[in-house]
Amino acid sequence: MGIREDIRTVFKKDPAARSTLEVICCYPGLHAVWVHRISHSLWNRHFYFLARLLSHISRMLTGIEIHPGAKLGRRVFIDHGSGVVIGETAEVGDDVLIYMGVVLGGTALEKTKRHPTIENDVVIGSGASVLGPITVGRGAKIGAGSVVIRPVPAGATVVGVPAKIAEPEPSVSVGQLDHNKLPDPVLTVMSQMLDRLSRLEEQFRAHEELISGHRKAPQETLLKDEQIYSLLKDVVDPEVGMDIVKMGLVKEVVVDGPNVDVNLVLTTSACPMIEYLKDQVRRKVLSAGGIEKVNVNILDEPWKGDLFKKQITH
């Protein structure tokens, strides 16, 4: 566990590092790890007061509190570090990346193993709390602000309060955490539930028509855009809980014989509900009959508030 190895770790995990002198002098996370090695050695030799005093001084200088009883592996990097707290019985493996505000805390008052075990190659996002004697598996990722109270499988990504597994398959990008691309497991479940509900409603209507012996009368004229706007009011964005017409997401409906084009403007091109909304729009328009093809287009333009006034009248 040499100093050179720690410096190389900083260059590997922080693109802001420019020189060895800068790393040695200006990285409090590195200083906290170095001081902890000394205080941990004193702790193991039963110099408890000296170990705690040294840890306390390190906390005042770096803003990082690491109990001298905690065990840190090799190449542990605490980025920025302000507000990081690592408890007495915590165990941190090799190549772990910890961002600012992380807490590896305990949940019991007994003098037992009460802090988490973090295995190798784990990434813990800013402000995350890992509580209790649980194990975070190798290569796992914890999203910023998450509160982890249950064991995390190896390679999993967890987010939320309390933290839930956000990806069905283990991630292959070891040592990286794309904070801006974290999935929302609750939103995913909601979209699946709404999709299932929509399909059940369609099956129920078809069953009603079958047992009543009634069929839809042939349409004398094709649907008009006003009728399609009315249909689209049944398509709800689960993120907001409002229909897409009322929100102003439907910019234009173009009817060309049996073909319909629906142009949507979303709040962002990275909207996690794009495919869900497109599928719901297609199915809703086709359910009316008389339509052979529905094209749903996502317009590449910023969302404007005046769309709300425009579409609310339909």
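Just above, that's the structure.
Everything numeric here is computed off the predicted structure, so don't read it as measured data.

Participant: Please set out the overall build of the chain residue by residue, giving values where relevant.
Facilitator: Counting its secondary structure elements, the chain contains 8 helices and 20 strands. If you take every contact in the chain between residues at least 6 apart in sequence, the share linking residues at least 24 apart comes to 44%. When the accessible surface of the chain is summed, it comes to about 17,500 Å², and 57% of that surface belongs to carbon and sulfur atoms.

Participant: Which residues make up the environment of W34, and what are the values?
Facilitator: Looking at the secondary structure, you find W34 in helix α3 (residues 28-44). Considering only alpha carbons, one finds W34 and S58, 24 residues apart in sequence, at a separation of 9.6 Å. Excluding residues within four positions of it along the chain, W34 makes contact with I3, D6 and I24.

Participant: Give me the nonpolar core: which residues, what numbers.
Facilitator: Residues I86, L104, I118 and I124 are the most contacted members of the largest nonpolar core, which totals 30 residues. Apart from the residues lying within four places of it in its own chain, the contact partners of I86 are E65, I66, H67, A70, L72, I98 and L104. I244, V245, V281 and V296 belong to the second-largest nonpolar core, a separate cluster that totals 20 residues.

Participant: Give a detailed account of the sheet that holds strand β10 (residues 129-131), specifying residues and quantitative values.
Facilitator: Strand order in the open sheet formed by 5 strands is β1-β4-β7-β10-β13, and the pairing between neighbours is parallel. With partners counted over all chains shown, the strands left at the sheet margins are β1 (65-66) and β13 (147-148), one partner each.

Participant: How would you sum up unusual backbone geometry? Please name residues and give values.
Facilitator: Only a minority of non-glycine residues have a phi that is not negative, and only a minority of peptide bonds are not trans. P162 follows V161 through a cis peptide bond whose omega is -10°. Assignment of secondary structure puts P162 in the loop between β14 (157-159) and β15 (164-165). For H80, which is not glycine, the phi dihedral falls at a positive 65°. Residue position: H80 is located in the loop between β3 (77-78) and β4 (85-86). Using a relative accessible area of 57% as the deciding quantity, one classes H80 as exposed.

Participant: Give a description of the environment of L264 that names residues and reports values.
Facilitator: If you trace the backbone, L264 turns up in strand β19 (residues 259-264). Considering only alpha carbons, one finds L264 and E252, 12 residues apart in sequence, at a separation of 7.3 Å. Ignoring any residue separated from it by four or fewer positions in sequence, one finds L264 in contact with I244, L249, V250, V281, V296, N297, I298 and L299.

Participant: Could you give an account of the packing of helix α1 (residues 3-13) against α3, naming the residues involved and the relevant values?
Facilitator: Packed helices, taken two at a time, are described by the angle their axes make and the gap between the axes. Axis separation between α1 and α3 bottoms out at 11 Å; the angle between their running directions is 155°. Of the possible angle classes, the one that applies to α1 and α3 is roughly antiparallel. As for the relative orientation of α1 and α3, their crossing is right-handed in sense. Within the contact between the two elements, α1 uses I3, D6, I7 and V10 and α3 uses L30, W34 and R37. Grouping the amino acids of the contact of α1 with α3 by side-chain chemistry returns 5 nonpolar, no polar and 2 charged.

Participant: Go over the packing of α3 against helix α4 (residues 48-62), please, and point to the residues and values.
Facilitator: Running from amino to carboxyl end, α3 crosses α4 at an angle of 175°, the nearest separation of the two axes being 8 Å. One element, α3, and the other, α4, form an angle in the roughly antiparallel class. Across from P28, H31, A32, V35, I38, S39, L42 and W43 in α3, the residues of α4 making contact are Y48, L50, A51, R52, L54, S55, S58 and T62. When the residues that make up the contact of α3 with α4 are grouped by side-chain class, the tally is 10 nonpolar, 5 polar and 1 charged.

Participant: Quick rundown of the sheet that holds strand β18 (residues 250-256)? Include the residues and the values.
Facilitator: Taken together, the 3 strands give an open sheet; going across it, the order is β18-β19-β20, and neighbouring strands pair in mixed fashion. The two strands at the open ends of the sheet, each matched to only one other strand, are β18 and β20 (293-298). Sheet twist, expressed as the mean angle between neighbouring strand axes with direction ignored, is 15°. Here 6 bridges tie β18 to β19, and the two strands are oriented antiparallel to one another. Bridge pairing links V253 to V262 in β19.

Participant: Tell me what's going on with α3, and back it up with residues and numbers.
Facilitator: Under the 1.5 Å per step criterion, the end-to-end length of α3 is 24 Å for 17 residues, consistent within 8% with the ideal 24 Å. For α3, the complete set of buried residues consists of G29, L30, A32, V33, W34, H36, S39, H40 and W43. Its buried side turned inward, α3 meets α1, α2 (20-26), α4, β1, β2 (71-72) and β3. Phi turns positive, to about 70°, at H46, one or two residues after α3.

Participant: Explain the packing of aromatic side chains to me, using residue names and the numbers behind them.
Facilitator: Any aromatic ring pair is given by two values, namely how distant the centres are and how the planes are angled relative to each other. Summed over the entire model, instances satisfying the criterion amount to 2 aromatic pairs. Consider the rings of W43 and Y48, whose centres lie 4.6 Å apart with planes at 65°: the pair is edge-to-face.

Participant: Help me get a handle on the pattern of salt bridges, residues and values and all.
Facilitator: Summed over all chains, the structure comprises 10 salt bridges. One connected set of salt bridges, linked through shared partners, spans E5, R74, R75 and D95.

Calculation notes
- Residues numbered from 1 in each chain as written.
- Predicted model: local features only at pLDDT ≥ 70, side-chain atom pairs only at ≥ 80, totals over all residues.
- Heavy atoms only, no water.
- Helix = DSSP H or I, 4+ residues; strand = E, 2+ residues; numbered from the N terminus.
- Contact = heavy atoms within 4.5 Å.
- Areas by Shrake-Rupley, 256 points an atom, 1.4 Å probe, with all protein chains shown as cover.
- Core = buried A, V, L, I, M, F, W, Y, C linked by side-chain atoms within 4.5 Å.
- Buried < 20%, exposed > 50% of the residue type's maximum accessible area, 1.4 Å probe, protein only.
- Pairing = 2+ DSSP bridges.
- Axes fitted to C-alpha atoms, helices over the stretch in contact; angles between N-to-C directions.
- Parallel < 35°, antiparallel > 145°, perpendicular 65-115°, else oblique.
- Left-handed = near helix turned anticlockwise from the far one by under 90°.
- Nonpolar A, V, L, I, M, F, W, Y, C, P; charged D, E, K, R; others polar.
- Expected span 1.5 Å × (residues − 1).
- Phe/Tyr/Trp six-rings, centres within 6.5 Å; stacked < 30°, edge-to-face > 60°.
- Salt bridge = Lys/Arg side-chain N within 4 Å of Asp/Glu carboxyl O.

Read these as spatial facts, not as claims about activity.
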